Amino acid sequence: MKKLALHWQILLGMVLGVIFALIMTNFTWGADFIGDWVKPFGTIFINALKLIAIPLILAALIKGISDLKDISSLSKMGIRTIITYVLTTVIAVSIGIGVVSTIKPGTSINEDTRNELVEAYGGDAEQKRQDALKQKEAGPLQALIDLVPENIFSAASSNRNMLQVIFFSVFFGIGLILIPEKKARTVKEFFDGFNEVILKMVDLIMLAAPYGVFALLAALVVEAPSADLFAALGMYALSVVVGLTLMIGVYLLLVKIFTNKSPLFFLNGIAPAQLLAFSTSSSAATLPVTMERVTEHLGVDEKVSSFVLPIGATINMDGTSLYQAVAAIFIAQAFGMDLTVGTQLGIIATATLASIGSAAVPGAGMVMLVGVLGYAGIPEAGLALIFAVDRPLDMCRTVINVTGDAAVSMMVAKSQGKLGEPKVKDWDDHYPKKK
Ligand code: ASP
């Protein structure tokens, strides 16, 4: 029998996970059973993916940059990448503002629901506010200081420090370009082999993906808040989802215009990474799979993907920025505030920066939202309004974050003449077998 393509296997795992959890909620012991015996497998799966992230960035970036041969092609690619990332983020925020201003979800929240939500989630929201406060205490150039680690081993010891590891790897790669070829060869070969091993580890982890997402989704369902709350926040959630869907359309259009690849080709290639992003809510955890899909299935040269994707996973979060714009304006609407055009333009700027600063982990976008609210003078207590549905929306926005990185990597690759035919067209050709 022909094996199902990976994205169908993952989708099946997700659906079965949800059904299993819905059945289990009928038993008094069901939620505990899932928490004790099913969820751990989801956690192990995410941990295995995260385990790969730092070594992958290190190996792929050093190999990718040293392959470039000269600094000018690196800076050309770097500038293109950053500009495209910022532009797509600005488009995303603008779409978010457009959608939330049209649907006006905040006006469907009555005062009773508002007070109820503030009461129920005020504590949790306060925690996010405190987290944000810690970040705010720093000076204006703190982000720049944070980019340069004082010790590479301590930087590499936390997935939150990915930008620092990226900095080190780029720096190391530049050093490698600048030393004589004869001396550089062994180091390059080492990282080449190291990179291959890591990619093989990703393949192996992905064999467990359908089971991993089964466990993750089952755990999410039993931990989800009541359906009533979803209904109250339905219009807000809908606004975010509509915005995110429009953004997918933007990517498909950009990919078509700039690379002449069909939407189906793009979506087929990236689908497993999207489903993992949805299940894990973390672009960082999804990065190894994004890299492998983009390189093997979308035809992006490794020299480009190994540079563009790790940077994208940490700074390019279009889904997050769109969500932040919708959330900020929704809260303003719910509190009966009118925002001037100037403030809305300011939201575009702050949401763009806030998404760049958001870590690629679950819930990070909400912490950074505090900055956007603060700028626009919107009550931070409003965070409590959106708390209940933040996790499902986090899952959706992470899909967009990952899709955006993949689309930009194709565009940058095309502009560098480094977009070719995919190495692998079918999952079965690649995974269980050795390359
Ligand atoms: N979970 C998102 C990501 O990892 C960040 C966020 O919006 O919270 O891409």
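In case you missed it, the structure is sitting above this.
Since the model is a prediction, treat every value here as computed from it, not as a measurement.

Colleague: Would you take a moment to explain helix α16 (residues 341-357) for this structure?
Modeller: Structural remark: α-helix, 3.6 residues per turn; residues separated by three or four positions point the same way. In a regular helix each residue adds 1.5 Å, so 17 residues correspond to 24 Å; α16 covers 24 Å between its end C-alpha atoms and thus fits that length. Taken together, the buried positions of α16 are occupied by Thr343, Gly346, Ile347, Ile348, Thr350, Ala351, Thr352, Ala354 and Ser355. Those residues of α16 that are buried lie in contact with α3 (71-103), α14 (302-315), α15 (318-334) and α17 (364-376).

Colleague: What should I look at first to understand the packing of aromatic side chains in this one?
Modeller: Each aromatic ring pair is described using two quantities: the centre-to-centre distance and the angle formed by the ring planes. Scanning all chains against the criterion turns up ten aromatic pairs. Arranged with centres 6.1 Å apart and planes meeting at 80°, the rings of Trp29 and Phe33 form a pair that is edge-to-face. With centroids separated by 5.7 Å and ring planes inclined at 35°, the aromatic side chains of Phe190 and Phe194 adopt a geometry described as tilted. Residue Phe190 and its partner Phe194 are both found in helix α8 (residues 181-207); the two are separated by four residues, about one turn of the helix. By relative accessible area, which is 49% here, Phe190 ends up partly exposed. Counting every residue linked through ring pairs, the aromatic cluster contains Phe168, Phe172, Phe190, Phe191 and Phe194.

Colleague: What exactly am I supposed to notice about unusual backbone geometry here?
Modeller: Most peptide bonds are trans, and most residues other than glycine sit at a negative phi. Phi is positive for Lys104, close to 50°, though the residue is something other than glycine. Secondary-structure assignment places Lys104 in the loop between α3 and α4 (111-136).

Colleague: Just checking my understanding: could you explain the pattern of salt bridges for this structure?
Modeller: Side chains that differ in charge, positive against negative, can pair when their charged atoms come close. As enumerated under the stated definition, the model contains eight salt bridges in all. Among the salt bridges present, the one from Asp301 reaches Lys303, with a minimum N-O distance of 4.0 Å. Residue Lys303 is classed as partly exposed on the basis of its relative accessible area of 23%. Where Arg397 meets Asp394, a salt bridge forms, and the shortest distance between an N and an O atom there is 3.5 Å. Of this pair, Arg397 and Asp394 are both found in helix α19 (residues 390-415), three residues apart, which corresponds to roughly one turn of the helix. On the basis of relative accessible area, Arg397 is assigned to the buried category, the value being 1%. The class of Asp394 is buried, set by a relative accessible area of 4%. A single network of salt bridges, built from pairs that share partners, joins Lys63, Asp67 and Asp192.

Colleague: Teacher, can you tell me more about the environment of Ser101 here?
Modeller: Along the chain, Ser101 falls in helix α3. Note: C-alpha distance between Ser101 and Met206 (105 residues apart in sequence) is 41 Å. Apart from residues no more than four positions distant in its own chain, Ser101 is found in contact with Gln333 and Gln344.

Reading guide: rules and limits
Residues numbered from 1 in each chain as written. Predicted model: local features only at pLDDT ≥ 70, side-chain atom pairs only at ≥ 80, totals over all residues. Heavy atoms only, no water. Helix = DSSP H or I, 4+ residues; strand = E, 2+ residues; numbered from the N terminus. Expected span 1.5 Å × (residues − 1). Buried < 20%, exposed > 50% of the residue type's maximum accessible area, 1.4 Å probe, protein only. Contact = heavy atoms within 4.5 Å. Phe/Tyr/Trp six-rings, centres within 6.5 Å; stacked < 30°, edge-to-face > 60°. Salt bridge = Lys/Arg side-chain N within 4 Å of Asp/Glu carboxyl O.

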